[in-house]
Amino acid sequence: MRVIRKYANRRLYDTQQSRYVTLEDLRRLILDEEPFRVEDAKSGEDLTRTILLSIIIEQEQADGEAEVFSNDLLAQFIRVYDMAQPLPLARYLEQGTQLMLEQQKRMQDQWQQAMRHSPMELMREMAEENMRFWQQAIGQGQPGKPEPKEKSDKDDDK
């Protein structure tokens, strides 16, 4: 697993690539499904969760139209922390999000499949299949019948 060290000056250092990285670089690692761990350079404390929350905050502020967390939803999250018996919200959100992402991928795959098989492509495939069928039916490889012999020059002499 890739290790990112966070220094006191708030800079993030990728130990695998030996270079400083930004939150955007870490976001790209997430999108590429590359696992990493962020740790405090001095203490070794795991800071991954805090950095992931920072990436989410940056995303939420970057594009107002792509908001995932409404004010009401954030307020509800805060209320969950104050419950005597907190809900297993993390597990529910993880499973729900995973299901949503899988369904989205499946829909994208099906859409791409449908686009590959446009009506014109389907018509072309059917026409080719029909052509093969009729060629066989007319005698060019008809099942159960011998192939017609090609005439040779000797056959013409008879």
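Given the structure is predicted, the values throughout are model-derived calculations rather than measurements. (Residues numbered from 1 in each chain as written. Predicted model: local features only at pLDDT ≥ 70, side-chain atom pairs only at ≥ 80, totals over all residues. Heavy atoms only, no water.)

Undergrad: Could you give an account of the nonpolar core, naming the residues involved and the relevant values?
TA: Ranked by size, the top nonpolar core spans eleven residues in total: Ile 4, Leu 12, Val 21, Leu 23, Leu 26, Leu 29, Phe 36, Val 38, Leu 47, Ile 51 and Ile 55. At the level of secondary structure, the elements contributing two or more residues to this core comprise α1 (23-31), β4 (36-40) and α2 (48-62). Sorting elements by how many residues they give to this core places α1 first, with three residues. Each residue touching Val 21, except ones within four places of it in the same chain, is listed here: Ile 4, Leu 12, Asp 14 and Leu 26. (Core = buried A, V, L, I, M, F, W, Y, C linked by side-chain atoms within 4.5 Å. Buried < 20%, exposed > 50% of the residue type's maximum accessible area, 1.4 Å probe, protein only. Helix = DSSP H or I, 4+ residues; strand = E, 2+ residues; numbered from the N terminus. Contact = heavy atoms within 4.5 Å.)

Undergrad: Mind laying out the pairing of strand β1 (residues 2-6), listing which residues take part and the relevant values?
TA: Bridge count between β1 and β4: five bridges; the pairing is parallel. Note on β4: the bridge partner recorded for Ile 4 is Val 38. Here β1 pairs with strand β2 (residues 12-14) via three bridges, running antiparallel. Along β2, the bridge assignment pairs Ile 4 with Asp 14. (Pairing = 2+ DSSP bridges.)

Undergrad: Requested: an account of the layout of surface pockets, with residues and values cited.
TA: Quantified by volume, the largest pocket comes out at close to 2200 Å³. Every element with two or more residues in the lining of the largest pocket is listed here: α1, α2, α3 (71-81) and α4 (89-116). With ten residues, the top contributor of residues to the lining of the largest pocket is α4. Partitioning the lining of the largest pocket into residue classes produces 26 nonpolar, eight polar and eight charged. Lys 6, Arg 10, Leu 12, Thr 22, Leu 23, Ile 51 and Ser 54 are the residues that line the second largest pocket. Counted by class, the lining of the second largest pocket contains three nonpolar, two polar and two charged residues. (1 Å grid on protein atoms, 1.4 Å probe; cavity = no way out; pocket = protein on both sides within 12 Å on 5 of 7 lines; lining within 4 Å. Points joined across faces, edges and corners; volume = space filled by probe spheres on them. Nonpolar A, V, L, I, M, F, W, Y, C, P; charged D, E, K, R; others polar.)

Undergrad: Go over unusual backbone geometry, please, and point to the residues and values.
TA: Peptide bonds are, in most cases, trans, and in most cases residues other than glycine have a negative phi. Non-glycine residue Arg 10 carries a positive phi angle of around 75°. Here Arg 10 lies in the loop between β1 and β2. If you check the backbone angles, Ser 18 has positive phi at about 50° while not being a glycine. Assignment of secondary structure puts Ser 18 in the loop between β2 and β3 (19-21).

This is a description of form; function is not addressed.
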